[in-house]
Amino acid sequence: MNFQNIFNQIEQVDPEFYARTDTRRESLKKFAGIGKKLALTAIPFALGSLFKKAYGTPPSSNVVLDVLNYALTLEYLEAEFYANSLTALPGMGAPTAAQNAIKVIADHEAAHVTLLKNVINSLGSTPVPKPTFDFTAGGAFNDVYTNYDLFLAVAQTFEDTGVRAYKGRAAEIVGGGDILEAALNIHSVEARHASHIRQMRRARSSDTSINIKPWITLNETAGIGSAVQASYNGEENVVQATVNIANLPNVSGTIGMTAASESFDEGLTKDQVLAIVAPFIVG
Amino acid sequence: MPKNPGKQNETFVPPNVSRRHFLAYAGVFGGLTTVALACSDDDNDNGSGGVSLGTGDVAILNYAYALEQLEAAFYTQVVASPFSGITDGELALLTDIRDHEIAHREFFKLALSSNAIPALSVNFSTIDFTKRDSVLATAKAFEDLGVSAYNGAGRYIQTADYLVIAGKIVSVEARHAAYVRDLISNGSFAGNDVVAMDTGLDLSRKPKEVLSIASAYINTKINAGGLPS
């Protein structure tokens, strides 16, 4: 509920900024001289070209900021989830290789937080504050930092949800130049994380009747169960731009439902993602 | 030069390929020596001649279609003649990847309809399909290339629906990339050769750079002059 408020407040963060930057000419004026700041923060793209190099109709500044703050909130969630785990992993029995992998992921998520905050600041706005998180989800996952399998299950769900969250808002920032590209560059990293976490879970499960693959099969949770079903609903879709992928020809026969669902990841709407993460947000 | 061109030619063609595809494939290997000699870095320059990708969003979609053709052809061969020592689990997941890439290829072919470029002839003469290292190194190169290609192309797409489709595909390519990388070296799923540690951002590559890299594996001359850049 408070979480929802944060998103509602984004639109009120800096109303003057929106008014100032509604036109392309004024936006470019606003972004002039931003190079110095970027050099200091080591952001590998120039915000000055946000609209200059964009194709099609560039997204409005308030849409861009809304998407960036939405992404930032999800990155806050992931970054803190992994940061908290680093000292707990040895006690959970995680092997060294696993600890190293989680450290890589934790570092990426922390870098995403820093990057998104820098971008929002550079646009003349103020990043949304970090919410207060409860990774037990109100007691549903009480042993998330003592039960290694549960930890990995929650990690998988966060990563897969993150991939779907970015995808779900891509259409809003079509033509968004460097910011769109940065969002895509984060999005594929989340997918790499998801793939690895899934492989870690596969390696720990002796039950071969459960599909735990690097990719998402139909709307399956990969054995986690109904608690996370909302993060996988809709992934069973096999129709892309009116083309039924399942019916397309394969080497022999057709692609079929399983491969068709796996070969395209699906987006989630903002409301769907907010409902999924709401149990982890306490203020 | 191919390690074993006769065998490759024999096993590469899937049983149900159309006549047109078969001729394209046969062309790859039948004329391999001369075509390979004729290859140069200029093949994918923006000049005239060659297979045109078209312009605007069509060019971007054809660009994606070209890359998916390359990946699908590669994994079709990988599964048709698995490398020595492959495990059942590896073969199952590499078969999944083959199916995903074929799904992507056939999707673009159908979606582009009359705007689609023809089937490309591919050149895998530098790949030793019998060797694990050769196959996985190529798979890693193709998957990371694909991820960086979609990431770099997104900014040029004008139609929101196409951007969403590209997004749906690129994350699957990233899942593949991470899996293949982990097969080569566990824990390298997002290594700092592809993901910058200071920003946590994956690589992007411009279409021209991608086509230049891919041209080592594609005989068909591609005219990318209509690609936005």
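This text goes with the structure placed above it.
Given the structure is predicted, the values throughout are model-derived calculations rather than measurements.

Visitor: Looking at this structure, I do not really get the pattern of salt bridges. What am I missing?
Guide: Two side chains bearing opposite charge may form a pair once their charged atoms approach each other closely. Using the criterion set out here, one finds 24 salt bridges over all chains in the structure. Taking the shortest distance from any N to any O, the salt bridge between Arg-175 of chain B and Asp-265 of chain A comes out at 2.9 Å. Taken together, the residues span two chains, with Arg-175 of chain B in helix 7 (residues 160-184) and Asp-265 of chain A in the loop between helix 10 (256-262) and helix 11 (270-277). The partner of Arg-181 of chain B in a salt bridge is Asp-144 of chain B, with the nearest N and O atoms 2.4 Å apart. Here Arg-181 of chain B, found in helix 7, pairs with Asp-144 of chain B, found in helix 6 (residues 132-153); they are 37 residues apart in sequence, far enough to count as distant. Judged by relative accessible area, which is 2%, Arg-181 of chain B ranks as buried. The network of salt bridges with shared partners includes Arg-192 of chain A together with Asp-144, Arg-181, Asp-193 and Asp-202 of chain B.

Visitor: I would appreciate a short explanation of the side chain of His-100 of chain B in the present structure.
Guide: Tracing the sequence through the fold places His-100 of chain B in helix 5 (residues 88-112). For His-100 of chain B, a relative accessible area of 0% gives the class buried. A polar contact of 2.8 Å, which involves the side chain of His-100 of chain B, links it to the side chain of Glu-262 of chain A. Not counting residues within four places of it along the chain, the set of residues in contact with His-100 of chain B comprises Trp-215, Ala-259, Glu-262 and Ser-263 of chain A together with Val-172 and His-176 of chain B.

Visitor: So what exactly am I meant to see when it comes to the interface of chain B and chain A here?
Guide: Many structure descriptions define interface size as the accessible area lost when the parts assemble. Counting from both sides, the interface comprises 61 residues of chain B and, opposite them, 62 residues of chain A. In total, chain B and chain A occlude about 5,000 Å² of area from one another, counting both sides; carbon and sulfur atoms represent 64% of this. When residues of chain B are sorted by the area they lose upon contact with chain A, Arg-155, Arg-175 and Phe-189 of chain B head the list and together hold 18% of the total. Counting the contacts that link chain B with chain A gives eight salt bridges. Here the side of chain B that touches chain A takes 18 residues from helix 7 of chain B, the largest share from any one element. Among the residues forming the side of chain B that touches chain A, the class breakdown is 31 nonpolar, 18 polar and 12 charged.

Visitor: For this particular structure, what's the right way to read empty space enclosed by the protein?
Guide: Once rolled over the atoms, a probe with the size of a water molecule shows which space is left empty. Residue and element names in this part refer to chain A. For the coordinates displayed, the defined rule picks out seven cavities of 30 Å³ or more. Considering only enclosed or pocket space, the largest cavity measures out at about 220 Å³ in volume. As for the largest cavity, its lining consists of 23 residues, and the residues nearest its centre are Val-67, Tyr-166, Ile-173, Ala-183 and Leu-184. In terms of residue count, helix 9 (residues 177-204) provides more of the lining of the largest cavity than any other element does, seven residues in total.

Visitor: Even after reading the chapter, I still don't get the packing of helix 4 (residues 56-80) of chain B against helix 6 of chain B, so can you show me in this structure?
Guide: For any two helices packed against each other, the geometry is given by the interaxial angle and the distance between the axes. Residues and elements named next belong to chain B. At a closest axis distance of 11 Å, the pairing of helix 4 and helix 6 adopts a crossing angle of 165 degrees. In terms of orientation, helix 4 and helix 6 fall into the roughly antiparallel class. Handedness of the crossing formed by helix 4 with helix 6: left-handed. The segment helix 4 lies against helix 6, with Ile-60, Tyr-63, Ala-64, Leu-67, Glu-68, Leu-70, Glu-71, Phe-74, Tyr-75 and Val-78 engaging Val-135, Thr-138, Ala-139, Phe-142, Glu-143, Ala-149, Tyr-150 and Ala-153. For the contact of helix 4 with helix 6, the per-class residue count stands at 14 nonpolar, one polar and three charged.

Visitor: Explanation requested: the environment of Leu-68 of chain A in the structure shown.
Guide: Residues and elements named next belong to chain A. Tracing the sequence through the fold places Leu-68 in helix 5 (residues 61-85). Here Leu-68 falls in the buried class, since its relative accessible area comes to 7%. Distance in space between the C-alpha atoms of Leu-68 and Val-128 is 9.5 Å, their sequence separation being 60 residues. With residues near it in sequence (within four places) discarded, Leu-68 still touches Leu-116, Val-119, Ile-120, Leu-123 and Ile-179.

Definitions and cut-offs
Residues numbered from 1 in each chain as written. Chains lettered and ligands numbered in written order. Predicted model: local features only at pLDDT ≥ 70, side-chain atom pairs only at ≥ 80, totals over all residues. Heavy atoms only, no water. Salt bridge = Lys/Arg side-chain N within 4 Å of Asp/Glu carboxyl O. Helix = DSSP H or I, 4+ residues; strand = E, 2+ residues; numbered from the N terminus. Buried < 20%, exposed > 50% of the residue type's maximum accessible area, 1.4 Å probe, protein only. Polar contact = N/O pair within 3.5 Å; in protein donor to acceptor, adjacent residues only side chain to side chain. Contact = heavy atoms within 4.5 Å. Buried area = accessible area lost by both parts, 1.4 Å probe. Nonpolar A, V, L, I, M, F, W, Y, C, P; charged D, E, K, R; others polar. 1 Å grid on protein atoms, 1.4 Å probe; cavity = no way out; pocket = protein on both sides within 12 Å on 5 of 7 lines; lining within 4 Å. Points joined across faces, edges and corners; volume = space filled by probe spheres on them. Axes fitted to C-alpha atoms, helices over the stretch in contact; angles between N-to-C directions. Parallel < 35°, antiparallel > 145°, perpendicular 65-115°, else oblique. Left-handed = near helix turned anticlockwise from the far one by under 90°.

The values reported here are purely geometric and, on their own, carry no functional implication.
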